[in-house]
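# Survey of secondary and tertiary structure
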Amino acid sequence: MPKKEKKSKKKSKSGEKKEADPRAYPLADSKLSQTILDLVQQASNYKQLKKGANEATKTLNRGISEFIVMAADTEPLAILLHLPLLCEDKNVNYVFVPSKVALGRACGVSRPVIACSVTSVEGSQLATQIASLKQSIEKLLI
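The following refers to the structure shown. Every value quoted in this text rests on a predicted model; they were computed, and no experiment measured them.

A tally of regular secondary structure across the protein chain gives 6 helices and 4 strands. Traced from its N-terminal end to its C-terminal end, the protein chain shows the element sequence α-α-β-α-β-α-β-α-β-α. Expressed as a percentage of the 142 residues in the protein chain, the buried residues total 38%. Sequence separation of at least 24 residues holds for 81% of the intrachain contacts in the protein chain that already meet a minimum separation of 6. As displayed, the protein chain has an accessible area near 9300 Å², and 52% of this comes from carbon and sulfur atoms.

In structure tokens form, the structure reads like this:
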């Protein structure tokens, strides 16, 4: 009997997509997710990106974070649910994207990334794009 349970667990892990956790709110739609991932990739090229939940937490505490992007398919999701609380305290926008693998690729690394922070730099060429994306993220919350 326990062997059958193991097989079913493996099958569900590699098989079809499961529905996103309701705690992963606000979840960006596919078009907005693509825009976010494009900006994350540009921020990575301009060295305005911190990858990982720990580094994202540090940028929030230091007050240099523009916005936070998190992956909705993180397992377990609880390992990054401290970030939305911290974001709300610091008045920083945050958003969930569906895939940690896609977020990792956008960050320019070969590993999945569960959270990243786009940081603020004076005179950045990304300032206008960041501002428009922040407005789009705010619209999700309404």
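A word on the pattern of salt bridges. What the rule picks out here adds up to 2 salt bridges. Arg23 is the partner of Asp21 in a salt bridge, and the nearest nitrogen-oxygen pair spans 3.0 Å. Glu66 is the salt-bridge partner of Lys134, the closest N and O atoms lying 2.9 Å from each other. Within this pair, whereas Lys134 is found in helix α6 (residues 127-141), its partner Glu66 is found in strand β2 (residues 65-71), the two being separated by 68 residues in sequence. We classify Lys134 as partly exposed; its relative accessible area is 24%.

What follows deals with the packing of helix α2 (residues 30-45) against α6. One way to put it is that α2 packs onto α6 with a least axis distance of 11 Å and a crossing angle of 145°. α2 and α6 meet at a crossing whose hand is left-handed. Residues Leu32, Thr35, Ile36, Leu39 and Gln42 of α2 form the contact with α6, whose own contacting residues are Gln129, Ile130, Leu133, Ser136 and Leu140. Broken down by class, the residue content of the contact of α2 with α6 amounts to 6 nonpolar, 4 polar and no charged.

What counts and what doesn't
Along every chain, residues carry numbers that run from 1 in the direction the sequence is written. In keeping with the model being predicted, local features are shown solely for residues with a pLDDT of at least 70 and side-chain atom pairs are shown and tallied solely at 80 or more, while totals for entire chains, interfaces and linings include all residues. To obtain the side-chain values, all non-hydrogen atoms of the structure were included, while hydrogens and water were left out. Numbering of helices and strands runs from the N terminus; a helix is a DSSP stretch of H or I covering at least four residues, while a strand is a stretch of E covering at least two. Throughout, exposure labels follow a simple rule: accessible area from a 1.4 Å probe, protein chains only, divided by the maximum for the residue type, with under 20% read as buried, over 50% as exposed, and the rest as partly exposed. For this analysis, residues touch if any pair of their heavy atoms sits within 4.5 Å. Accessible surface area values rest on a Shrake-Rupley calculation with a 1.4 Å probe, where residue burial reflects the displayed protein chains alone. Any carboxyl oxygen of Asp or Glu that lies within 4 Å of a side-chain nitrogen of Lys or Arg is treated as forming a salt bridge with it. Only the contacting stretch of a helix is used when fitting its axis, a line to C-alpha atoms as for every element, and angles between N-to-C directions run 0 to 180 degrees. Crossing handedness: left-handed means the near helix sits turned counterclockwise from the far one by under a right angle, and right-handed means the same turn made clockwise. Residue type decides the class: Asp, Glu, Lys and Arg count as charged, Ala, Val, Leu, Ile, Met, Phe, Trp, Tyr, Cys and Pro as nonpolar, and the leftover types, Gly among them, as polar.

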